[in-house]
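For reference, the chains in residue letters:
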Amino acid sequence: MSIPIKPEHLAQLKAFIDMCIAVPGILHKPELAFVKSFIEHFGGTVPKETAKPSEPEPEPEHEPAPEPESEESDLELDMTGVIEPDTDAPQKMGNPTLQPTEEEIAESQAKRSEAVSAFAEKDYEKALELYTEAIVLNPQAALLYAKRGQVYLLLNKPNACIRDCNRALELNPDSAAAHKFRGRANHLLGNFEEAANDLRLACKFDFDEQADEWLREVTPNARKIEEHRRKKERRQQEKLEKERQERLKKARESAKAYEENSRTSQTETSGTTPGMGDFQKFMSDPEVLQGFQDPEIAKAFAEMDTNPTNILKYQSNPKIMAFINKMATKLASKTGGNMPPGFPGMMSGMPGFASAAAGAQDAPKPPNSQDDVGLD
């Protein structure tokens with residue numbers, strides 16, 4: 001049983017299918033819903049739309065192989081002073097909603113004075129106990145948390161220090177002491193960037209020679225990490241850009257193949273296709289001439305003549321799409337349904353279309369026409 005489709009139309013159909021394979025996102029267009037339904041009817045699936053209508057990008061044929069995580073090998077850090085993290089249970093913080101009385105504030109200050117004395121005598125466990133009692137009495141005093149964090153720091157418990165400094169900074173974001181001790185604690189944990197940020201702030205709010213010394217110690221590692229991250233981000237951006245360019249190249253190649261197939265079909269059937277004479281009459285239609293007086297419509301059809309896939313740019317433009325549909329209806333009526341080659345895929349595929357459209361734009365306007373009026 002022979003197929004009731006002319007060879008030139010089969011060539012156009014093949015070109016259309018090739019384009020759908022390369023740019024599957026176009027199958028989500030409303031006008032191609034019947035093709036999508038046809039695929040799904042036989043158990044197939046259409047990939048989800050990921051590209052913008054104005055710039056269709058086909059999915060890569062193969063997932064790119066993940067790059068080996070060997071970038072860390074070129075990052076050499078000075079780990080001097082870094083210690084194992086402490087894993088003790090969180091310390092007592094006090095009731096954050098408690099508003100202390102004057103008596104509680106006074107008693108808290110007394111406990112703090114005792115803690116300072118114990119600290120000076122290097123009795124750090126006693127100092128921790130007294131600072132905790134002072135915090136329970138007045139949990140709104142940011143400095144108490146920062147000073148207890150300092151004690152934890154001396155006991156090589158950087159995580160406990162960071163917890164206290166975090167609470168102090170919640171109460172007072174400008175606490176130089178909290179930034180200073182948290183910066184040092186992060187240094188001990190090997191968090192060099194965080195350490196540098198905190199120590200810079202500490203010196204900014206209240207310059208301290210010890211904080212400045214700690215900052216100089218951590219800065220080389222922090223800079224190495226920052227530069228390493230920038231290189232990694234740059235490589236990732238270059239990789240993404242390369243993949244995007246490859247997808248665009250494949251899309252252009254597919255569109256070019258589609259256009260060449262359409263033109264080949266038109267050449268093979270030139271002079272024998274019914275309706276080409278009627279098409280010339282169609283281009284002289286006053287309503288068509290009036291439409292091409294609109295610069296936007298003329299520009300759109302010039303772009304579509306250059307690249308048929310440019311029609312995707314105008315899918316959301318009601319004026320352009322209305323004019324295309326109007327032309328299709330009128331041309332079909334004038335040719336008795338025998339459309340010139342290339343029309344099913346793109347009107348600009350018709351031989352001489354671009355020059356005819358340009359001539360229509362320059363032709364005398366029909367009676368009662370207006371420059372800014374297209375077809376409804």
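Each chain carries its own residue numbering, running from 1 in the written order of its sequence. Residue-level local features of this predicted model are given only where pLDDT is at least 70; pairs of side-chain atoms are given and counted only at 80 or more, and the full residue set underlies all totals for whole chains, interfaces and linings. Heavy atoms from the whole structure form the basis of all side-chain values; hydrogens and water molecules are not counted.

Caption draft 1: Looking closely at the overall build of the protein. Regarding its fold elements, the protein presents 14 helices and 0 strands. Secondary structure elements follow DSSP: runs of H or I no shorter than four residues count as helices, runs of E no shorter than two count as strands, and numbering proceeds from the N terminus. In the protein, the succession of α and β elements from N to C terminus is α-α-α-α-α-α-α-α-α-α-α-α-α-α. Only protein chains enter the area calculation, which uses a 1.4 Å probe; residues under 20% of their type maximum are buried, those over 50% are exposed, and those in between are partly exposed. Put simply, the protein has 376 residues, and 40% of those count as buried. The protein chains shown are the only cover counted for residues, whose accessible areas, like all others here, come from Shrake-Rupley with a 1.4 Å probe. As presented, the protein carries roughly 22000 Å² of accessible surface, and 52% of it is formed by carbon and sulfur atoms.

Caption draft 2: Examining the packing of helix 7 (residues 176-189) against helix 8 (residues 192-205) more closely. With axes taken as lines fitted to C-alpha atoms, and helix axes fitted only over the stretch in contact, angles between N-to-C directions fall between 0 and 180 degrees. In contact at an axis separation of 7 Å, helix 7 and helix 8 are set at 155 degrees when each is read in the N-to-C sense. When the interaxial angle is binned, helix 7 and helix 8 end up roughly antiparallel. Read as a crossing pair, helix 7 and helix 8 show a hand that is left-handed. Counting all contacts with helix 7, which are made through A176, H179, K180, R182, G183, R184, N186 and H187, the residues of helix 8 involved are F192, E194, A195, D198, L199, L201, A202 and F205. Any angle from 65 to 115 degrees is called roughly perpendicular, while one under 35 is roughly parallel, one over 145 is roughly antiparallel, and all others are oblique. Handedness of a crossing follows from how the near helix is turned relative to the far one, being left-handed for an anticlockwise turn of less than a right angle and right-handed for a clockwise one. Contact between two residues is taken to exist if any of their heavy atoms lie within 4.5 Å; hydrogens are not considered.

Caption draft 3: Broad picture of a nonpolar patch on the surface. Residues with no salt bridge and a relative accessible area higher than 30% make up the patches, which join like charges within 9 Å and nonpolar side chains (Val, Leu, Ile, Met, Phe, Trp, Tyr) within 5 Å. One side-chain nitrogen of Lys or Arg within 4 Å of one carboxyl oxygen of Asp or Glu is enough to make a salt bridge. Taken together, the side chains of I5, L10, L13, I17 and I21 make up a nonpolar region of the molecular surface, amounting to roughly 440 Å² of accessible area. Summarising the element assignment, L13 is placed in helix 1 (residues 7-22).

Caption draft 4: Representation of the packing of aromatic side chains. When two rings of Phe, Tyr or Trp (its six-membered ring) have centres within 6.5 Å they constitute a pair, described as stacked for plane angles under 30 degrees, edge-to-face for angles over 60, and tilted for the intermediate range. Using the criterion set out here, one finds 2 aromatic pairs in the structure. Each ring, one from F119 and one from Y124, has its centre 5.6 Å from the other, and the planes form 55 degrees; the classification is tilted. Between F301 and F323 the ring centres are 5.7 Å apart and the planes differ by 90 degrees, which places this aromatic pair in the edge-to-face class. On the criterion of sequence distance, the pair formed by F301 in helix 12 (residues 295-306) and F323 in helix 13 (residues 318-335) is long-range, its members being 22 residues apart. F301 gets classed as buried once you look at its relative accessible area, which sits at 2%.

Caption draft 5: Up close: the environment of D88. Within the fold, D88 resides in the loop between helix 2 (33-41) and helix 3 (102-120). Under the relative-accessibility criterion, D88 is labelled partly exposed at 39%. In the structure, D88 is positioned 72 residues away from A160 in sequence and 7.8 Å away in space, judged by C-alpha atoms. Residues within four places of D88 in sequence aside, it is in contact with K157 and R163.

Caption draft 6: Local environment of the nonpolar core. Remark: nonpolar core denotes a set of buried residues (Ala, Val, Leu, Ile, Met, Phe, Trp, Tyr, Cys) joined through side-chain atoms within 4.5 Å. With 41 residues, the main nonpolar core has V151, L153, C161, A168, A178, L199 and V218 as its most contacted residues. When contributions to this core are tallied by element, the ones reaching two or more residues are helix 3, helix 4 (124-137), helix 5 (142-154), helix 6 (158-171), helix 7, helix 8 and helix 9 (209-268). Ignoring anything within four residues of it in the chain, the contact list for L199 reads H179, K180, G183, R184, A211, W214, L215 and V218. Counting 27 residues, the second largest nonpolar core, distinct from the first, contains A15, C20, M304 and I311.

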